[in-house]
Amino acid sequence: MSVALSNHQAIDLRETTIRKLNATLQSEDATGTWLVSHPEGRHSIAVGLTAPIDVTIDGQAGYYAGGMNQHANLVIKGNAGPGVAENMMSGAVRVEGNASMAAGATAHGGLLVIKGDAGARCGISMKGVNIVVRGSVGHMSAFMAQSGNLVVCGDAGDALGDSLYEARIFVRGTVKSLGADCEEKEMTAEDLQLLQRLLKEAGITEYSPESFRRYGSARRLYNFHVDNAAAY
Amino acid sequence: MCGIVGLFLKNPALQPQLGALTAQMLKTMTERGPDSAGFAIYGGGAHGRTKMTLRGVTEVLRPDFEKSVLSLSDSATFSYRDDHLVVSCPDDAVSAIRELVAEYGPDVTVVSSGDSIELYKGVGLPEEVAARFQLAQMSGTHAIGHTRMATESAVTTAGAHPFSTGPDQCLVHNGSLSNHNTLRRQLVRDGLSFETENDTEVAAGYLSWRLSQGERLDEALTASLSDLDGFYTFVVGTRDGFAVLRDPVACKPAVMAETDDYVAFASEYRAFAGLPGIESATVFEPEPQRVYHWEHAA
């Protein structure tokens, strides 16, 4: 018999194991708001959540925080380690500090907001997620990104959007270099509308959509080009 | 995998705690490297004297060894920690003691030497290795440590990190180098010798070689970006501080924390959790291909 859980719950990771924390948050009966204290950089905090609950991690998260998230709303009060919100399906993960490498990797849906900077390979192989970074992103961000949107209010590092499929990238600052098959695109009215909505969802009001540039796939790597046959 | 930690104290009041803080950091990196561990700790040097850390002077050898060293230098002192021995001697006695050590065969080796470096490493869980050498009781100005999950060479004490190939220099490494055999052969032709098949020892030797050509540490590290092929996050210890470098791809993790009291380095934030004042520290990731360097004013 399961026990109904009340609306405000606190879990202290100095007293509870990660396994127990996740089992509790993954419970079918989980509802309401949760505060996870003393995360201290532990890995895999609040992963695989499926219920529409609100979870606040009160400090620094380690690897894969909020991974595979569905429906839950997660706030990380500090920095996040590698692979935050990796393979997220829906819901939202908000990082108040910086995120390490591979933020939002392979994520299919939902919203990832990073208030600080994101490290290398932000949005690598993203498959439909919306990622909004208030700061800058590191090298090879949106590498092989397939769909979804990456919004960067600061600068982007080397090889942005390398081997890109169909994701859209918006950058407000400078792009150190574009990766193979990534090019600047015309910003359409539809793009501006989308960007306006994403900035709003991320709680960013100080930047206008018009101050961004849009990048996307040149689609030259989609098919094998017969002129290159001699190279193999 | 592998875990790296480093702690550089700005506030001298923390020096008595250096060993305890480093031991705690090493322990949290056990999951990244459970097969062996090691650390270099800097401090307590005296003008005109050199500290040589030796491994392999067993209890059986001790009386004879000490007598031989004292016959070369009557002011030499001996400090044992498990299977490691630190000999403190006047600078001008170092080469004679090195020759003496060579007479004891390959089981007795000089693992480091310099004004202030002491270097200890061994096979086993990081916590056990730290306890064996009583790291928690040590004090100093800065320390770097490593927890190893071996990939490129065997799990042995000699294969554990740090590697020291020059005076007061040492290197710890997370990653793997792919051109270490070629580079080792080149360095051997230039007169260097290597004790293991380990890739990191080659990187350490490479840096020492460049430093011996008169380059500064930041110049030597910048040059390594073109000459070393593979994955690496390096932390290099020197007499006065430490430096950090990540390869261009930067797939090996690195995080740093800075307060008014210290600069700390680790593979993961977890290692910082027990540091004083970490809640208000500036925490950041070092950028790839950029040399970060902290040192005490000489």
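Heads up: these notes are all about the structure in this document. What you see is a predicted model; the values in this text were computed from it and never measured. (Residues numbered from 1 in each chain as written. Chains lettered and ligands numbered in written order. Predicted model: local features only at pLDDT ≥ 70, side-chain atom pairs only at ≥ 80, totals over all residues.)

Let's talk about the overall build of chain A
Item 1. A tally of regular secondary structure across chain A gives 2 helices and 11 strands.
Item 2. Seen in sequence order, chain A has helices and strands lined up from the N terminus as β-α-β-β-β-β-β-β-β-β-β-α-β.
Item 3. Taking 232 residues into account, the globule formula puts the C-alpha radius of gyration at 17 Å, and chain A, at 19 Å, falls close to it.
Item 4. Projected onto its principal axes, the C-alpha positions of chain A cover 65 × 45 × 25 Å.
Item 5. Looking at chain A as a whole, 50% of its 232 residues are labelled buried.
Item 6. Looking at chain A alone, contacts between residues at least 24 apart form 24% of all its contacts between residues at least 6 apart. (Helix = DSSP H or I, 4+ residues; strand = E, 2+ residues; numbered from the N terminus. Rg over C-alpha atoms; globule rule 2.2 N^0.38 Å. Buried ≥ 20, exposed ≤ 12 C-beta atoms within 10 Å, placed from the backbone. Contact = placed C-beta atoms within 7 Å.)

Thoughts on the sheet that holds strand E3 (residues 49–55) of chain B
Residue and element names in this part refer to chain B.
Item 1. Here we have 4 strands laid out as an open sheet, ordered E4-E5-E3-E6, and antiparallel in their pairing. Since the sheet does not close on itself, it has two edges, and those belong to strand E4 (77–81) and strand E6 (109–114), each with one partner. The mean inter-strand angle of the sheet, taken between neighbouring strand axes irrespective of direction, is 20°.
Item 2. Taken together, the 7 bridges between E3 and strand E5 (residues 84–90) define a ladder with antiparallel strand orientation. By the bridge assignment for E5, arginine 49 is matched with proline 90.
Item 3. Where helix H3 (residues 94–103) meets the sheet, it contacts E3, E5 and E6, and its direction lies at approximately 10° from that of E3. (Pairing = 2+ DSSP bridges. Axes fitted to C-alpha atoms, helices over the stretch in contact; angles between N-to-C directions.)

Quick look at the packing of helix H2 (residues 62–72) of chain B against H3 of chain B
Residue and element names in this part refer to chain B.
Item 1. H3 packs onto H2 with a crossing angle of 150° between their chain directions and a minimal axis gap of 10 Å. Comparing their axes, H3 and H2 come out roughly antiparallel. Classified by chirality, the crossing of H3 by H2 is right-handed. Residues Ser68, Val69 and Leu72 of H2 touch H3, and the partners they reach there are Ala96, Ile97 and Leu100.
Item 2. Residue composition of the contact of H2 with H3, by class: 5 nonpolar, 1 polar and no charged. (Parallel < 35°, antiparallel > 145°, perpendicular 65-115°, else oblique. Left-handed = near helix turned anticlockwise from the far one by under 90°. Nonpolar A, V, L, I, M, F, W, Y, C, P; charged D, E, K, R; others polar.)

Focus on unusual backbone geometry
Item 1. Here histidine 161 of chain B and proline 162 of chain B are connected by a cis peptide whose omega angle stands at 0°.
Item 2. Along the chain, the position of proline 162 of chain B falls in the loop between strand E8 (142–148) and strand E9 (163–166).
Item 3. Positive phi, close to 60°, is recorded for methionine 68 of chain A, a residue that is not glycine.
Item 4. Relative to the elements of secondary structure, methionine 68 of chain A occurs in the loop between strand E3 (54–58) and strand E4 (73–76).
Item 5. Of the residues examined, methionine 68 of chain A has 17 C-beta atoms within 10 Å and is grouped as partly exposed.
Item 6. Non-glycine residue histidine 71 of chain A carries a positive phi angle of around 75°.
Item 7. Accessibility expressed as a C-beta count within 10 Å gives 14 for histidine 71 of chain A, which makes it partly exposed.

What to know about the sheet that holds strand E1 (residues 3–9) of chain B
Residues and elements named next belong to chain B.
Item 1. Taking strand neighbours across the sheet as the criterion, the 7 strands line up as E7-E2-E8-E1-E14-E13-E15 in an open arrangement whose pairing is antiparallel. Two strands close off the open sheet at either side, each with one partner strand: strand E7 (117–123) and strand E15 (282–284). On average, each strand axis in the sheet is tilted by 10° relative to the strand beside it, whichever way the strands run.
Item 2. Two elements, E1 and strand E14 (residues 262–266), share 5 bridges in a ladder whose sense is antiparallel. Of the residues in E14, the one forming a bridge with leucine 9 is tyrosine 262.

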